[in-house]
Amino acid sequence: MTACSDFFDEPLLGTALEATRWVCVEFSHGWGHDALDGFALGEELASQIKAHMNAHNARFQFIREPGREGQDANGHRVFVAESTPGKEALYTLTIKSVSDLLDLDVSNPATIPGATAVESPLALICTHGKRDVCCALKGRPVAALLSQHASEPQDADAHEETTSARVWETSHTGGHRFAPAVIVLPWGFTYGRAGAQAARQIWDLAVDNQVHLDLLRGRSAFSKPEQAAEVAVRSHYLLTGVADVVGVEATSDTVFQVKCANGDTHAVEVEHTVSDLPPRPATCGKGDKEVKAFNATLL
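Since we're looking at a predicted model, the values are computed, not measured.

Draft legend 1. A look at the overall build of the chain. Helices and strands together make up the secondary structure of the chain, namely four helices and 16 strands. The globule rule puts the C-alpha radius of gyration for 299 residues at 19 Å, and the 19 Å found for the chain is close to it. When each of the 299 residues of the chain is scored for burial, the buried share is 53%. Of the contacts formed within the chain by residues at least 6 apart in sequence, a portion of 66% connects residues at least 24 apart. Approximately 13,500 Å² of the chain is accessible, and the part contributed by carbon and sulfur atoms is 48%. Put simply, the chain has 25 plus and 39 minus side-chain charges, and the middle of one group is 5 Å from the middle of the other.

Quick look at the structure:
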């Protein structure tokens, strides 16, 4: 049987999960089909956390450190990321129980007692095997290798940093057909088909506040059509700086203005159509579906 991520011809642009705020909670064991389906936390607590996340317009993710060490974590480290362009920030803290999240104002992470700012980017790699086996089989090896790579000092005078603030396995992020899937916080830049070498390149660029254009699916702060417009402009003009695009605004149902940091604005027509590509499963073990893709044309 062909795995859903064994097809490499589907366009990546406009396929990133949409989120302007992320709450990533260390929880090393027993992820269910969905992070908040009650399997891991129990139905009552999962329901309460889901309501809390909705109230703060936040995306909830389970995370764990790659490898065997990530299976025996003590306490729960938490990362809160703001991904709105121009307001990006990343904070971390430790809680004793997942239920402690209910007392946190994740809309204002800078004011949370004990929260500290994180200067390094954070890489999340989906390894959620209960959601789709592709993420486990392809994501875990990449997470392990990237964790090792990211922990290496960048120069001879640098102090080695622990991987705990850098690379994590994570629960479902959408688009397992693009596994291995990588998200870089705080910006929310999302990548697909990121094998070990590509993941290292993505990381090295992120540390320098740069974007890897070839495998970019989109930025989570934007809607999917807006993501497609941004990726098209970045690719055409080779805009690799994370801050090179400052916003995307719809002027009609299909036309978007991509605003750049240098003052330029580029109009992009975006259409979501059924592709000529042959049908294939969007999830392993499921039936074939027609392929829909975004077409982005600079005007």
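Still more ground to cover, so stick around.
Draft legend 2. Main features of the sheet that holds strand 6 (residues 122-126). Pairing is mixed across the open sheet formed by ten strands, whose spatial order is 5-4-3-1-2-7-6-8-9-10. Both outer strands of the open sheet, strand 5 (116-117) and strand 10 (216-219), are each paired with one neighbouring strand and no more. Pairing of strand 2 (residues 59-64) with strand 7 (residues 167-170) involves two bridges; the strand directions are antiparallel. By the bridge assignment, isoleucine 63 is partnered in strand 7 with threonine 170. Contacting strand 2, strand 6 and strand 7, helix 2 (residues 133-150) crosses the sheet at an angle of about 160° to strand 6. Along the sheet, helix 4 (residues 224-237) contacts strand 9 (189-191) and strand 10; its crossing angle with strand 10, the most-contacted strand, is approximately 120°.

Draft legend 3. The arrangement of helix 1 (residues 43-55) in detail. Its 13 residues give helix 1 an end-to-end C-alpha distance of 18 Å, which sits within 8% of 18 Å, the value for a rise of 1.5 Å per residue. Inspection of helix 1 places Leu45, Ala46, Ile49, His52 and Met53 among the buried residues, and these make up the whole buried set. In an axial view of helix 1, the angular spread of the buried residues amounts to 125°, which keeps them on one side of the axis. Turned more than 90 degrees away from the buried face of helix 1 sit Glu43, Glu44, Asn54 and Ala55, all of them exposed. The elements touched by buried residues of helix 1 are strand 1 (21-26) and strand 2. Of the residues one or two after helix 1, asparagine 57 is the one with positive phi, at around 50°.

Draft legend 4. Layout of helix 4. Between its first and last C-alpha atoms helix 4 spans 20 Å; for 14 residues at 1.5 Å apiece the expected length is 20 Å, and the two agree. If you check which residues of helix 4 are buried, you get Glu226, Gln227, Ala228, Ala229, Glu230, Val231, Ala232, Val233 and Arg234. On its buried side, helix 4 packs onto strand 9, strand 10, strand 11 (245-250), strand 12 (255-260), strand 13 (265-274) and strand 16 (292-298).

Draft legend 5. Just the sheet that holds strand 13, in detail. Spatial strand order, 11-12-13-16: four strands in an open sheet with antiparallel pairing. In the strand order of this sheet, the two ends are held by strand 11 and strand 16, each with one partner. Each adjacent strand pair in this sheet contributes to an overall mean axis angle of 30°, direction not counted. Bridging between strand 13 and strand 16 involves seven bridges; their strand directions are antiparallel. Each bridged residue has a counterpart across the sheet, and for threonine 273 the counterpart in strand 16 is alanine 293.

How each quantity is defined
Residues numbered from 1 in each chain as written. Predicted model: local features only at pLDDT ≥ 70, side-chain atom pairs only at ≥ 80, totals over all residues. Heavy atoms only, no water. Helix = DSSP H or I, 4+ residues; strand = E, 2+ residues; numbered from the N terminus. Rg over C-alpha atoms; globule rule 2.2 N^0.38 Å. Buried < 20%, exposed > 50% of the residue type's maximum accessible area, 1.4 Å probe, protein only. Contact = heavy atoms within 4.5 Å. Areas by Shrake-Rupley, 256 points an atom, 1.4 Å probe, with all protein chains shown as cover. Lys, Arg positive; Asp, Glu negative; His and termini not counted. Charge placed at Lys NZ, Arg CZ, Asp CG, Glu CD. Pairing = 2+ DSSP bridges. Axes fitted to C-alpha atoms, helices over the stretch in contact; angles between N-to-C directions. Expected span 1.5 Å × (residues − 1). Arc of directions from axis to C-beta.

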